[in-house]
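Residues per chain, in single letters:
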Amino acid sequence: GAGVSQSPSNKVTEKGKDVELRCDPISGHTALYWYRQSLGQGLEFLIYFQGNSAPDKSGLPSDRFSAERTGGSVSTLTIQRTQQEDSAVYLCASSLRANSPLHFGNGTRLTVT
Amino acid sequence: RKEVEQDPGPFNVPEGATVAFNCTYSNSASQSFFWYRQDCRKEPKLLMSVYSSGNEDGRFTAQLNRASQYISLLIRDSKLSDSATYLCVVNSGTASKLTFGTGTRLQVTL
């Protein structure tokens, strides 16, 4: 497909478990962003990748959150020891280059019980 | 002061009306500006970029006021299908972080 692909689309996990969210950006897009959106709230910036490096990870809420990007393509966001407040929709977006328009995936809805 | 601020609304307007939203930003060095549209429980979709000289796309007009540090979106001849939340997006100066406003909700009614 031509768009940004995220998996899984839904994830229910028990408090304390680790989860891994995947994002497959549009081919050729060098910039990749992770955001999260809680119900009825705005988008909260988590981390930005340019190629494989993360020049800005200022939005990661705690050290339980980490992300990596390999081969300048697929990115994985990992949340360790999940907490109920981690429940949100995690959105990935890619763009041709930094500060270009973002193209979003459908998101992963994470529910921590 | 928040990096990007929007009036949350809701703006309730009848079909055919003209409506305008503003969005203020705090970083005077910001260079990239966008308007996105988000429907309920969907991902945001790009509506339009905002250029220094202002730009128009059909019924939608975007403008940038650097002196007062705000961008605006004007929608003419509102349609029911325009009902959505409109998000403004601004980059953080020289950094490449794109910050979203919390959005302005528009409800167009018959």
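Each value, and the rule that gives it
- Residues numbered from 1 in each chain as written.
- Chains lettered and ligands numbered in written order.
- Predicted model: local features only at pLDDT ≥ 70, side-chain atom pairs only at ≥ 80, totals over all residues.
- Heavy atoms only, no water.
- Core = buried A, V, L, I, M, F, W, Y, C linked by side-chain atoms within 4.5 Å.
- Buried < 20%, exposed > 50% of the residue type's maximum accessible area, 1.4 Å probe, protein only.
- Helix = DSSP H or I, 4+ residues; strand = E, 2+ residues; numbered from the N terminus.
- Contact = heavy atoms within 4.5 Å.
- Disulfide = S-S within 2.5 Å.
- Phe/Tyr/Trp six-rings, centres within 6.5 Å; stacked < 30°, edge-to-face > 60°.
- Pairing = 2+ DSSP bridges.
- Axes fitted to C-alpha atoms, helices over the stretch in contact; angles between N-to-C directions.

Caption draft 1: How the structure looks around the nonpolar core. Formed by 23 residues in total, the largest nonpolar core has its most connected members in Phe21, Trp35, Ile71, Leu73, Ile75, Tyr86 and Leu106 of chain B. Going through the elements one at a time, strand S3 (19-25), strand S4 (33-38), strand S7 (60-65), strand S8 (70-75), strand S9 (84-91) and strand S11 (104-109) of chain B are the ones with two or more residues in this core. Other than its neighbours up to four places away in sequence, Leu73 of chain B contacts Val19, Ala20, Phe21, Trp35, Leu47, Met48, Phe60, Thr61 and Tyr86 of chain B. Counting 19 residues, the second largest nonpolar core, distinct from the first, contains Trp34, Phe65, Tyr90 and Val112 of chain A.

Caption draft 2: Inspection of the state of the cysteines at higher detail. By the definition in use, this model includes two disulfides over all chains. Disulfide pairing places Cys23 of chain A opposite Cys92 of chain A at an S-S distance of 1.9 Å. A torsion of -65° about the S-S bond marks the disulfide between Cys23 of chain A and Cys92 of chain A as left-handed. One end of the pair, Cys23 of chain A, is in strand S3 (residues 19-24); the other, Cys92 of chain A, is in strand S9 (residues 88-95), and 69 residues separate them in sequence. A single burial state applies to Cys23 of chain A and to Cys92 of chain A, both of which are buried. Between the sulfur atoms of Cys23 of chain B and its disulfide mate Cys88 of chain B the distance is 1.8 Å. Taking the sign of the S-S torsion, 50° for the link of Cys23 of chain B and Cys88 of chain B, the bridge is right-handed. Taken together, the positions of Cys23 of chain B in strand S3 and Cys88 of chain B in strand S9 put the pair 65 residues apart, joining distant regions of the chain. For Cys88 of chain B, a relative accessible area of 0% puts it in the buried group. No disulfide involves Cys40 of chain B; its sulfur sits 20 Å from the nearest other cysteine sulfur, which is in Cys88 of chain B. Residue classification places Cys40 of chain B among the exposed positions, given a relative accessible area of 69%.

Caption draft 3: Examining the packing of aromatic side chains more closely. Taken as a whole, this structure holds twelve aromatic pairs over all chains when the rule is applied. Judged by centre distance (5.6 Å) and plane angle (55°), the ring pair of Tyr36 of chain B and Phe100 of chain B falls under tilted. Here Tyr36 of chain B is found in strand S4, whereas its partner Phe100 of chain B is found in strand S10 (residues 98-100), with 64 residues between them in sequence. By way of ring pairs, the aromatic residues Tyr33, Tyr35, Phe45, Tyr48 and Phe104 of chain A together with Phe34, Tyr36 and Phe100 of chain B are connected into one cluster.

Caption draft 4: Summary view of the sheet that holds strand S1 (residues 5-7) of chain A. Residues and elements named next belong to chain A. The antiparallel open sheet is built from four strands, whose spatial order is S1-S3-S8-S7. A single partner strand is all that each edge strand has here, and the edge strands are S1 and strand S7 (65-69). Taking each pair of neighbouring strands and ignoring which way they run, the sheet shows an average axis angle of 15°. Where S3 lies against strand S8 (residues 75-79), five bridges are found, and the strand directions are antiparallel. Paired with Arg22 across the strands is Thr76, a residue of S8.

These figures come from the coordinates and say nothing about function on their own.
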